[in-house]
Amino acid sequence: MSEERLPSFALRPVGAVVLAQVAVLAAFSGRYGFFRDELYFLAAGKHPAWGYVDQPPLTPLLARASSALFGETPTGLRIVAILMAAATVVVVSLVARELGGGRGPQVLSAAATALSGFGLVVSHLLSTSTFDLLVWVTLGLLTLRLLRTGDGRWWLPIGAVIGIGLANKWLVLLLVAALGLALLVTGPRSVLTSLWLLVAVPLAAVLAAPVLMWQASENFPMLSVASGIAASDGTENRIMFVPLQLVYVAPVLVPVWIAGLVRLWREPALRWARALALTYPIVCVALLLLGGKPYYAAPLLLLLTAAGAEPSLRWLDRGRRRVGWTIAAVVGAGISLVIGLPILPPSALAPVTAVNNDAGEQVGWPKFVQTVAGVWQQIPPGQRATAVILTGNYGQAGAVELYGPGIGLPKPYSGHMSYADWGPPPDSLTGPVVLVGRFENDDPARRFLVGCHDVAVHDNGLGLDNDEQGTKIALCAGTSGHWSRFWPQLRRYYS
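On a predicted model such as this, the values are computed, not experimentally measured, just so you know. (Residues numbered from 1 in each chain as written. Predicted model: local features only at pLDDT ≥ 70, side-chain atom pairs only at ≥ 80, totals over all residues. Heavy atoms only, no water.)

S.K.: Tell me about helix H14 (residues 298-316), residues and numbers included.
M.R.: Of all the bends found along H14, the most pronounced is centred on Ala309 and spans about 45 degrees, while Pro311, a proline, follows it within four residues. Within H14, 16 of the 19 residues are buried, which leaves the element mostly enclosed by the surrounding structure. (Bend = angle between axes of the 7 residues up to and from the residue. Helix = DSSP H or I, 4+ residues; strand = E, 2+ residues; numbered from the N terminus. Buried < 20%, exposed > 50% of the residue type's maximum accessible area, 1.4 Å probe, protein only.)

This is the structure:
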């Protein structure tokens, strides 16, 4: 394996990119409000466990830690996301260095990561994808170091990162399987015979064991969630897969990551890194077959961008190409910023939500809870002590749990995802029920509750068509039996 000296790390310019990234993310972190999933993470973090029906425990625990240290606000919650985003930029620039890139390729890789549409979306919010992106690019860097040096000791940090990654999202197994298959096809296969691999595998297993054991004890509910998502979204995911691959980094950078793919496959000096080039199409084929989300492959696009930075800069140095490309890059970065960050006023978000639906899901939650409170106030004061608020999804429940106490609302309940495990309401609560959400007539909740009639329809007042706009809120006279008896029928693993 090649042992030549790598270029120096471009600490100052890459550091400048990171500082600018952190400043921008921090400045916009609190402009709208909590994202739907963040409300769920805050609630889940208050119910610490080795797992939840739809995810491992790491992101909810990070949400609890960040909000406890910096405040239960969007800005306080997202500080941990900002730090992970900064680390991701550094790691991708190190990937460019690992592939022989000097100052220019490292800075281009850092800037492309910080300004990529996908990077901005998952860095502005705290989500499982925020940490997963860092895990994938870190595994890419460590794998390249292993392949370049042939030093089997690099299997140990690889195993550790896999184990930690499994505590956040099991999607990392797809990357591991694709890398393994690519190594078998392209080599160097000698790294697979290292005795250090025999240590790395149990290391990853030990780190992931509590999460795996919890899922096993609950009959792997995450598989039920995944199958439900694939069944409902699989066709759309397949149709949109290729178009979205062209925009996740930025359209102007598509030639860069394609150049990286070609470079890794064809450049003789990088023959040892060909497995990374093959990993991306393997992951894409698997996602198309499974109906997985198109953004699952996005981290690999950043690694390929790092690989393509050097040949792209060489190409731009010829003639007057750099000026035109710079203009296109600035325009592309501006579009990514508008799509990924809360720059526009909420009332102007409609074009953005067509590309980034998450933007709209950060708007209107306090007013949503006020709408629920308006229905709650219609319950006679003497009956409120035995009344219940039942919501249709975890975003609604999380919003009521966060904002409700300040305006006199009790703890909400929901059968959605892990909220079902934190219920049911006590059987002593036999009074009226505020039913929040789109419960169809054949829904088990409608059969269990009696005397229901629609009372309110939520309007965010902005004309923004997000998922809660138009949500109906009903008031029911009571229940037809004990909550504990019917609660299992109210559990839902997906929306």
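There is more to say, and it comes next.
S.K.: Describe the sheet that holds strand E2 (residues 412-414), naming the residues involved and giving the relevant values.
M.R.: Strands sit in the order E2-E1-E3-E6-E5 across an open sheet of five strands; the sheet is mixed. Where the open sheet ends on each side, the last strands, each with one partner, are E2 and strand E5 (453-457). Looking at each pair of strands side by side, their axes are set apart by 30 degrees on average, direction ignored. In terms of strand pairing, strand E1 (residues 388-391) meets E2 through three bridges, oriented parallel. Its bridge partner being in E2, Leu390 is matched across the sheet by Tyr413. Sheet contacts for helix H21 (residues 483-490): E1, E2 and strand E3 (433-436); angle to E1, the most-contacted strand, approximately 15 degrees. (Pairing = 2+ DSSP bridges. Axes fitted to C-alpha atoms, helices over the stretch in contact; angles between N-to-C directions. Contact = heavy atoms within 4.5 Å.)

S.K.: Talk me through the pattern of salt bridges; I want residue IDs and the actual numbers.
M.R.: For the structure on display, the rule yields 12 salt bridges. Here Arg314 makes a salt bridge to Glu310, at a shortest N to O gap of 3.7 Å. Here Glu310 and Arg314 lie together in helix H14, a separation of four residues that amounts to about one turn. On the basis of relative accessibility, which here comes to 44%, the residue Arg314 falls in the partly exposed class. Linking Arg446 and Asp454 is a salt bridge whose minimum nitrogen-to-oxygen distance equals 3.8 Å. On the basis of relative accessibility, which here comes to 21%, the residue Arg446 falls in the partly exposed class. (Salt bridge = Lys/Arg side-chain N within 4 Å of Asp/Glu carboxyl O.)

S.K.: Any details on the packing of helix H1 (residues 11-28) against helix H5 (residues 103-115)? Residues and values, ideally.
M.R.: Angle between the axes and distance between the axes: these two values describe a pair of packed helices. Following both chains from N to C, one finds H1 and H5 inclined at 10 degrees, their axes separated by 9 Å at the closest point. Our classification of the angle between H1 and H5 gives roughly parallel. Contacts between H1 and H5 involve Pro13, Val14, Val17 and Gln21 on the former and, on the latter, Arg103, Gln106, Val107, Ala110, Ala111 and Ala114. (Parallel < 35°, antiparallel > 145°, perpendicular 65-115°, else oblique.)

S.K.: How would you explain the packing of aromatic side chains if you had to name every residue and give the values?
M.R.: For any pair of aromatic rings, the description rests on two quantities: the centre-to-centre distance and the angle between the ring planes. All chains considered together, the criterion is met by 15 aromatic pairs. Aromatic pair Tyr419 and Trp422: ring centres 4.7 Å apart, planes at 65 degrees, arrangement edge-to-face. The buried category is assigned to Tyr419, whose relative accessible area is 4%. Residue classification places Trp422 among the buried residues on the basis of a relative accessible area of 14%. The structure contains a cluster of three or more aromatic residues connected by ring pairs, namely Tyr40, Phe41, Tyr52, Tyr394, Tyr419 and Trp422. (Phe/Tyr/Trp six-rings, centres within 6.5 Å; stacked < 30°, edge-to-face > 60°.)

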